[in-house]
Amino acid sequence: MSAFPDIPKIQYEGPDSKNPLAFRHYNPDELVEGKPMREILRFSVAFWHTMRGTGADPFGAPTMIRPWESGQDTIENAQRRIRVFFEFCEKLGVEFYCFHDRDVAPAGATLAECNRNLDEVVKVMKEEQERTGIRLLWGTANLFSHPRYMHGAATSPNADVFAYAAAQVKKALEVTKELGGAGYVFWGGREGYSTLWNTDMKRELDHLARFLHMAVEYAQEIGFTGQFYIEPKPKEPTKHQYDSDAAACINFLRAYGLEKYFKLNIETNHATLAGHNVEHELEYAGMQGFLGSVDANTGDLLLGWDTDQFPTDVYLTTKIMLAFLKYKGGLAPGGVNFDAKVRRESFEPIDLFYAHIGGMDTFAKGLKIAAQIRADGELQRMLQQRYSSWDSGIGAEIEAGKHNFRTLEQYMLAKGEADPNQSGRQELIENIVNRYIF
Ligand code: XUL
Ligand code: CO
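Residues numbered from 1 in each chain as written. Chains lettered and ligands numbered in written order. Predicted model: local features only at pLDDT ≥ 70, side-chain atom pairs only at ≥ 80, totals over all residues. Heavy atoms only, no water.

Colleague: Just checking my understanding: could you explain the coordination of the cobalt ion (ligand 2) for this structure?
Modeller: Expected angles at a metal are 109.5 degrees for tetrahedral coordination by four donors and either 90 or 180 degrees for octahedral coordination by six donors. Taken together, Glu 231 (OE), Glu 267 (OE), Asp 295 (OD) and Asp 339 (OD) make up the full set of protein donors to the cobalt ion (ligand 2), lying 1.9 to 2.2 Å away. Coordination at the cobalt ion (ligand 2) is octahedral: its six donor atoms span angles of 78 to 172° at the metal. One chain supplies every donor for the cobalt ion (ligand 2), spaced along it as E-x35-E-x27-D-x43-D. Taken together, the positions of Glu 231 in strand 10 (residues 227–231) and Asp 339 in the loop between strand 14 (336–338) and helix 12 (349–376) put the pair 108 residues apart, joining distant regions of the chain. Side by side, Glu 231 and Asp 339 carry an identical accessibility label, which is buried. (Donors = N, O, S within 2.8 Å, 3.2 Å for Na, K, Ca; no water. Tetrahedral: all angles 85-135°; square planar, octahedral: opposite > 155°, others 65-115°. Helix = DSSP H or I, 4+ residues; strand = E, 2+ residues; numbered from the N terminus. Buried < 20%, exposed > 50% of the residue type's maximum accessible area, 1.4 Å probe, protein only.)

Structure below.
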């Protein structure tokens, strides 16, 4: 039985369409820079928001109407929910999804029971993957919701909690492998702290590194070849999250010899919570060789917490796609995972479609604009021109390592004053970018 009987398969109808259940820009087989859009974008639906988001907030009860839910935390209900989820992805034309272990299956009283429940649900996930061809972009373990993780998981002062988390990730890796996952994400959850009075930061970070090395070793042991990612986030739930931004993550990975095994999964609103914007995070990760995947959403700068809204801003998606085209030629083996939820006032199932269609179209348009900007080359030429003093003469010599403080002093003493600066032309550049947008 269909969960969405009134909703057709969403089709591309072109920019003039006024059909709210159609794409205006996402045309999966259309080539951009020689590749079908679907292969560049690799859209993914986040199971946790789409199927488990209730609309509850700290001030109010759940609001979502989800007719397929029985209200019971049973395996049968969980399995039905999986089938509904795959029907949703199929109708939307999304080819990937992501999940946490505890999103898909009921927890149990013991670890063994949790694992058995997960196996029962994974069977149906596998069936549905085979039926639909929809694939797993990445799996992850929820190491933050259960009260045992109140002080963290891999960074808990309680060694038993570290052991429990290790066992949970072991199982999550097995399941991700079983489902053919293209990746596995570590978002730090409660890996951070509130006060140094009770925190041995060095010891906690050593433990986190040990934990990630164990994950790498176990993946090798079972033959899981998917990409590992760390997802930076600066706050929420803890005040100081250890993986606070791209630079902090990369430093941590290098300090502990993990840099070969991990890339970053950059999330838009995590970047803004860190006081950056997403293009800064993408550029930083990209130039260091750590650009992996993206959790697509947006925040609300007037609110300042992790609102996980769907992205509808073409400037934002253009910048994201420019970074991915520049550094990777696309996102594979990562993708665009909508780590986003409908507002609690948007409580009907059809709102899930509107939300994802909007996000996908905004990304598709951003991709096309980014490709056009790259093809025209005007912005690139302006950038090159701005650094042209480094292309010959003294600049080229410095870059080639031919100078030191003494020789540069001699150069400047002879010359007397530096060449005049050129305008940065920010406003002109912004006007040129606007030509592509409107
Ligand atoms: C939390 C967040 C997570 C991760 C996966 O802010 O983004 O949903 O993406 O654990
Ligand atoms: Co995320």
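Colleague: How do you make sense of the packing of aromatic side chains when you look at a structure like this?
Modeller: What describes a pair of aromatic rings is the distance from one ring centre to the other and the angle between the planes of the rings. For the structure on display, the rule yields 28 aromatic pairs. The interplanar angle of 90° and the centroid separation of 5.3 Å between the aromatic rings of Phe 23 and Tyr 26 together place this pair among those described as edge-to-face. One exposure class covers both Phe 23 and Tyr 26, and it is buried. Each ring, one from Phe 186 and one from Phe 262, has its centre 6.1 Å from the other, and the planes form 50°; the classification is tilted. With Phe 186 in strand 8 (residues 183–187) and Phe 262 in strand 12 (residues 262–267), this residue pair connects regions lying 76 residues apart in the sequence. For the pair Phe 186 and Phe 262, a shared accessibility class is recorded, and that class is buried. Each residue in the set Phe 162, Tyr 184, Phe 186, Phe 211, Phe 224, Phe 228 and Phe 262 is aromatic and connected to the rest through ring pairs, giving one cluster. The ring of Tyr 164 is capped by Arg 148, whose NZ or CZ atom sits 3.6 Å from the centre of that ring. (Phe/Tyr/Trp six-rings, centres within 6.5 Å; stacked < 30°, edge-to-face > 60°. Lys NZ or Arg CZ within 6 Å of the ring centre and 35° of its normal.)

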